[in-house]
Number of protein chains: 2
Amino acid sequence: MQTGVPLNETCNLQVWKLEISDKSKGFVELLQQLTVCDAISDEDFQKRFQELSSLGDDHVICVIEDTSRGKIVTTGSVFIEKKFIRNCRKVSHIEDVVVGCDSRGMQLGKKVLSFLTDHARFVGCYKVILDCSNENKAFYEKCGYKRKEIQMVKYFI
Amino acid sequence: MQTGVPLNETCNLQVWKLEISDKSKGFVELLQQLTVCDAISDEDFQKRFQELSSLGDDHVICVIEDTSRGKIVTTGSVFIEKKFIRNCRKVSHIEDVVVGCDSRGMQLGKKVLSFLTDHARFVGCYKVILDCSNENKAFYEKCGYKRKEIQMVKYFI
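What you see is a predicted model, and the numbers here were worked out from it, not measured in a lab.

(A) The arrangement of the pairing of strand 3 (residues 71–82) of chain B in detail. All names here are of chain B. Of all the 12 residues making up strand 3, 11 are buried; the element is thus mostly covered by neighbouring parts of the structure. Hairpin connection of strand 2 (residues 59–66) to strand 3: four residues between the antiparallel strands, including Gly70 at a positive phi of 60°. Pairing analysis gives eight bridges linking strand 3 to strand 4 (residues 90–99), with the strands arranged antiparallel. Residue pairing for strand 4: Val78 is matched across the bridge by Ile94.

Pasting the structure below:
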């Protein structure tokens, strides 16, 4: 049974928290549109799912399922970092937002981002941050985000 | 008793993992040089310290103490995000790197960054990322980092 909160109950495109059964609905294939993501065994998927679930509200992955097709068409994640700064406040980090290429133009990215941002606010974060390409800047600006810093990266592989 | 790994045993500026006793050695005052960080009560500090300690290797704060003065002069943190992408790999996020204004020019930032980056590699991350200002880009480039994306932010307060 789904446990998320539907954004619009009259619509078949609602935001839910990821469930184990979403693996069989194309969740991994959706991630493959974002970056390298080979097939994951059921065992590995279950193990990672349980690791993340044990973090409760501190790590949430949400999905939008097109229930008419039984297919996951959008996802995004948010995790909470606990700080000492600002009187031990918290910061949310949004990651891995992807809208399936066959589901663009329906505001699904905005729905997922709204869900993740609301979660960050709900758990008491003072800000939420994310890294994106220059090409996606305009989308996040429409969602109320502003450009601030630059991202630096070091790869080990 | 300190539990970290000294980078250079002949030197009084070594990298250790944060300990509760570091609060009385100017750790919070050092964070105040980075951003807003009012005084933290011993109770709040201990609570946050224990929350973070319970995450083990998934969230590490390190410090450099100038033992000749009993003062924390540099800090930085790293936390591990567990992903589904790339066959359930992990990504490290480095945050809150600060070198005390009275301790610049001694490569302490580089020491801390090296400690945090090595931790990321040790726990099996495929990459490590951080956000910084344009002014600090050159420093991170010297440490082997490359610019990639842009950071977007939304504040709730």
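(B) Examining the interface of chain A and chain B more closely. Facing the 63 residues of chain A at the interface are 63 residues of chain B. Summing both sides of the interface, chain A and chain B together bury roughly 6,200 Å²; the carbon and sulfur share of this comes to 60%. The three residues of chain A that bury the most area against chain B are Phe84(A), Met152(A) and Phe156(A), which together make up 15% of that side's buried surface. Applying the counting rule to chain A against chain B returns six salt bridges. Lys83(A) is the salt-bridge partner of Glu95(B), the closest N and O atoms lying 2.8 Å from each other. Viewed at the interface, chain B and chain A are joined by 32 residue pairs in polar contact (both at pLDDT 80 or more).

(C) Examining the relation of the copies chain A and chain B more closely. Once chain A is rotated about the relating axis by 180° and shifted along it by 0.0 Å, it coincides with chain B to within an RMSD of 0.0 Å. What we have between these two chains is a two-fold relation. No C-alpha of chain A approaches the rotation axis more nearly than that of Ile150(A), which lies at 2.3 Å. The share of interface residues of chain A whose copies in chain B are also at the interface is 100%, consistent with both copies meeting through the same surface.

(D) Broad picture of the packing of aromatic side chains. Under the defined criterion, the tally for this structure stands at 11 aromatic pairs over all chains. Among the aromatic residues, those joined into a ring-pair cluster are Phe27(A), Phe45(A) and Phe84(B).

(E) Looking closely at helix 4 (residues 108–122) of chain A. The end-to-end C-alpha distance of helix 4 of chain A, which contains 15 residues, comes to 21 Å, matching closely the 21 Å that a straight helix rising 1.5 Å per residue would cover. Buried residues of helix 4 of chain A: Leu108(A), Gly109(A), Lys111(A), Val112(A), Leu113(A), Phe115(A), Leu116(A), Thr117(A), His119(A) and Ala120(A), and no others.

(F) Summary view of the state of the cysteines. Overall, the coordinates contain zero disulfides over all chains when judged by the stated rule. Between Cys143(A), a cysteine without a disulfide, and Cys132(A), which holds the nearest cysteine sulfur, the sulfur-to-sulfur distance is 11 Å. Of the residues examined, Cys143(A) reaches a relative accessible area of 14% and is grouped as buried. There is no disulfide at Cys101(B), and the cysteine sulfur nearest it, in Cys37(B), is 15 Å away. A relative accessible area of 55% means that Cys101(B) is categorised as exposed.

(G) Focus on the UniProt feature "domain: N-acetyltransferase" (unreviewed entry) in chain A. Here the UniProt feature "domain: N-acetyltransferase" (unreviewed entry) sits at residues 18–157 of chain A. Helix makes up 30% of residues 18–157 of chain A and strand makes up 34%, while its end C-alpha atoms are separated by 28 Å.

Definitions and limits used
- Residues numbered from 1 in each chain as written.
- Chains lettered and ligands numbered in written order.
- Predicted model: local features only at pLDDT ≥ 70, side-chain atom pairs only at ≥ 80, totals over all residues.
- Heavy atoms only, no water.
- Buried < 20%, exposed > 50% of the residue type's maximum accessible area, 1.4 Å probe, protein only.
- Helix = DSSP H or I, 4+ residues; strand = E, 2+ residues; numbered from the N terminus.
- Pairing = 2+ DSSP bridges.
- Contact = heavy atoms within 4.5 Å.
- Buried area = accessible area lost by both parts, 1.4 Å probe.
- Salt bridge = Lys/Arg side-chain N within 4 Å of Asp/Glu carboxyl O.
- Polar contact = N/O pair within 3.5 Å; in protein donor to acceptor, adjacent residues only side chain to side chain.
- Least-squares fit on C-alpha atoms with pLDDT ≥ 70 in both.
- Phe/Tyr/Trp six-rings, centres within 6.5 Å; stacked < 30°, edge-to-face > 60°.
- Expected span 1.5 Å × (residues − 1).
- Disulfide = S-S within 2.5 Å.
- UniProt positions renumbered as here; feature names shortened; annotations may be inferred.

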